[in-house]
Amino acid sequence: MLDPSIVADAVKAIGRDDLELGIAGPEEYGAIEEMSRAASPGEVFSPLTATLIAWFVDRNPCGPGFVVLARDPSSRLLAGHFVFYRWRLVRRLASGELSEVPVFLYVRLYVRPEYRRRGVFSAMTAFGLDVARRLGVGLAYTAPNPRSSPGFVKFGMERRGPLPFRVRASIPGWGLMGGLPRQSRGLDVEVRSEFDASFQGAIARDLPPAIRWWGDRTPALLNWRYVERPDARYEIRYVREGGHPSGFLVTRRMRIKGLLALVVCDFWCEPRHDDALRVALVHAQSAGDRTALAVAIGSDRPPQARRALRRAGFVAVPKALLPQPIVIFGGGLGDGPARVDLPDLDAWHLTPGDWDVF
Ligand SMILES: CC(C)(COP(=O)(O)OP(=O)(O)OC[C@H]1O[C@@H](n2cnc3c(N)ncnc32)[C@H](O)[C@@H]1OP(=O)(O)O)[C@@H](O)C(=O)NCCC(=O)NCCS
């Protein structure tokens, strides 16, 4: 449970008499789920369930998070919620040393229609970020949808993006765009039910020095993110050479604009295995329901990632054609020594695993 004095000080700092701000206790998760289920499906893509809240904030290996609640002070009716969960980035310092940077992500924002345009979202954001700062965390960010983006612009947050967006259509012959398969002999695919420690340290070892930020990938973190998450089913594949894991691919089947898409949520391959992504992707496409396309969003800064995406037949979609560009909003918290500025995309290997939607 959060230190009540932190919460009380943050409430005082916001100074809103027309709203009751607070942090949800587990006994309130059910009421949040009820409000979320009552929302219009056009606004809330998948409901924020009590189980999902517990996964985000109580069972997170990065540490406890919290859900900001806003209530109407006269009726005590729930007016809105905003989830703040922990995540961990790794930063390569100028000395070459690696340092762990705890961050908060803020997601699953909702304000009940009758309370909109009265500053509930802005109060919940300021309050949540202040609590995060008081907990000693120096950076927080989000990947919002276009409805809330104008608010984050108004709050003066830093922006990074849109993130690179690539597609690969499931049309016979499309894969040849990446060139004829050459290295795949000797590579095989293992479907996994969970991650082991095979890739711990691999990303730090293989990323070029210009990339100074990435999401941590310990087995505990990867398994929390992709195996234990209650409302989504991810598929995990290792690509092996002679039994040795040389890359991995995490995918999720999702409907995007009515089309069933295979979304690349995370992948990694050793720099010499340009074909690892292609091999794992073809394997994923041939298993399960037929997908119309594959989508890869996020960092393409590491040269090996760019080569692997090209070899897998992904082509970049120009920004002007993006159906819903993904932009990261956020920034450093407070002015103290814990403050960390939002990394530049050039230096940040940011994959969909580093935000919540995919
Ligand atoms: C988006 C949403 C959270 C806004 O909540 P809200 O409490 O009405 O927002 P606020 O009153 O605090 O607005 C803060 C600022 O955001 C911007 N904003 C809020 N709603 C907006 C809208 N409909 N159109 C344009 N800008 C908007 C404005 O800049 C606003 O400041 P202003 O009122 O001084 O101009 C709410 O409409 C909602 O829950 N929508 C459905 C769920 C959703 O889309 N969630 C976002 C998921 S990332």
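Residues numbered from 1 in each chain as written. Predicted model: local features only at pLDDT ≥ 70, side-chain atom pairs only at ≥ 80, totals over all residues.

Before going further, it helps to examine the overall build of the chain. The secondary structure content of the chain amounts to 9 helices and 16 strands. The C-alpha atoms of the chain give a radius of gyration of 21 Å, which matches the 21 Å a tight globule of 358 residues would have. Seen through its C-alpha atoms, the chain measures out along the principal axes to roughly 70 × 50 × 35 Å. Of all 358 residues assigned to the chain, the portion counted as buried reaches 41%. Look at the contacts in the chain between residues 6 or more apart in sequence, and 73% of them connect residues 24 or more apart. (Helix = DSSP H or I, 4+ residues; strand = E, 2+ residues; numbered from the N terminus. Rg over C-alpha atoms; globule rule 2.2 N^0.38 Å. Buried ≥ 20, exposed ≤ 12 C-beta atoms within 10 Å, placed from the backbone. Contact = placed C-beta atoms within 7 Å.)

Looking now at helix α9 (residues 303-311). What α9 keeps buried is the set Q304, A305, A308, L309 and R311. Axial view of α9: buried residues confined to an arc of 165 degrees, hence all on one face. Where α9 is buried, its residues touch β7 (165-169), α6 (202-206), β12 (259-269), α8 (276-286) and β13 (293-297). Note on α9: the residue one or two positions beyond its end, G313, has a positive phi of about 90 degrees. (Arc of directions from axis to C-beta.)

Counting residues in each nonpolar core, the largest one holds 98 residues, and the members touching the most others are V68, A140 and L277. Mapped onto the domain boundaries, this core takes at least three residues apiece from domain 1 (4-161 + 327-354) and domain 2 (165-321). When sequence neighbours within four positions are dropped, the list of residues in contact with V68 reads L21, I23, H81, F82, F84, M124, F127 and G128. (Core = buried A, V, L, I, M, F, W, Y, C linked by C-beta atoms within 7 Å. Domains from an automatic or database assignment.)

Now for the pairing of strand β10 (residues 234-241). Note that strand β8 (residues 187-192) and β10 share 6 bridges and pair antiparallel. Among the inter-strand pairings, R192 is bridged to a residue of β10, identified as I236. Pairing between β10 and strand β11 (residues 244-256): 8 bridges, direction antiparallel. For R240, the partnering residue across the bridge sits in β11 and is P245. Linking β10 to β11, which pair antiparallel, is a turn of 2 residues; within it G242 sits at a positive phi near 55 degrees. (Pairing = 2+ DSSP bridges.)

Moving on to the packing of α8 against α9. Orientation of α8 relative to α9, taken along the N-to-C sense of each, is 45 degrees, at an axis distance of 7 Å. Looking at the two axes, α8 sits oblique to α9. Along this stretch, α8 crosses α9, giving a crossing that reads as right-handed. For the pair formed by α8 and α9, the contact residues are A276, L277 and R278 on the first element and A308, L309 and R311 on the second. (Axes fitted to C-alpha atoms, helices over the stretch in contact; angles between N-to-C directions. Parallel < 35°, antiparallel > 145°, perpendicular 65-115°, else oblique. Left-handed = near helix turned anticlockwise from the far one by under 90°.)

Turning our eyes to something else, we now look at the packing of helix α2 (residues 29-38) against helix α3 (residues 50-58). Their axes nearest at 8 Å, the elements α2 and α3 cross at an angle of 120 degrees. Judged by the angle between their axes, α2 and α3 are oblique. Crossing handedness for the pair α2 and α3: right-handed. Contacts between α2 and α3 involve Y29, G30, I32 and E33 from the former and A50, I53 and A54 from the latter.

Before going further, it helps to examine the site of the ligand. Close contacts around the ligand come from 18 residues, with R116, V120, F121, S122 and G151 the closest. Going through the elements one at a time, β4 (98-111), α4 (120-134) and α5 (149-154) are the ones with two or more residues in the shell around the ligand. Residues of the shell around the ligand, tallied by class, amount to 7 nonpolar, 5 polar and 6 charged. (Near = placed C-beta within 6 Å. Nonpolar A, V, L, I, M, F, W, Y, C, P; charged D, E, K, R; others polar.)

Between its first and last C-alpha, α4 extends 21 Å over 15 residues, near the 21 Å set by a 1.5 Å rise per residue. Burial analysis of α4 places 11 of its 15 residues in the buried class, the great majority of the element. Three or more residues of α4 are buried, namely V120, F121, A123, M124, T125, F127, G128, L129, V131, A132 and R133. Just beyond α4, the residue with positive phi is G136, at close to 90 degrees. (Expected span 1.5 Å × (residues − 1).)

Turning next to the sheet that holds β13. Spatially, the 7 strands line up as an open sheet ordered β8-β10-β11-β12-β13-β7-β14, and their pairing is mixed. Here the strands that pair on one side only, and so sit at the sheet edges, are β8 and β14 (315-316). Bridge count between β7 and β13: 5 bridges; the pairing is antiparallel. Across the sheet, F165 pairs through a bridge with I297, a residue of β13.

Burial along strand β1 (residues 20-23) is one-sided: L21 and I23 are buried, while E20 and G22, pointing the other way, are not. With 4 bridges connecting them, β1 and strand β2 (residues 66-71) associate as antiparallel partners. In the sheet register, G22 faces β2, and the bridge partner there is L69.

Bringing the domain arrangement of the chain into the picture now. The domain architecture assigned to the chain consists of domain 1 (4-161 + 327-354) and domain 2 (165-321). Facing the 27 residues of domain 1 at the interface are 25 residues of domain 2. At the level of elements, α3, β3 (78-92), β4 and β16 (348-349) are the ones that each hand at least two residues to the side of domain 1 that touches domain 2. The element contributing the most residues to the side of domain 1 that touches domain 2 is β3, with 6 residues. Split by residue class, the side of domain 1 that touches domain 2 holds 13 nonpolar, 7 polar and 7 charged.

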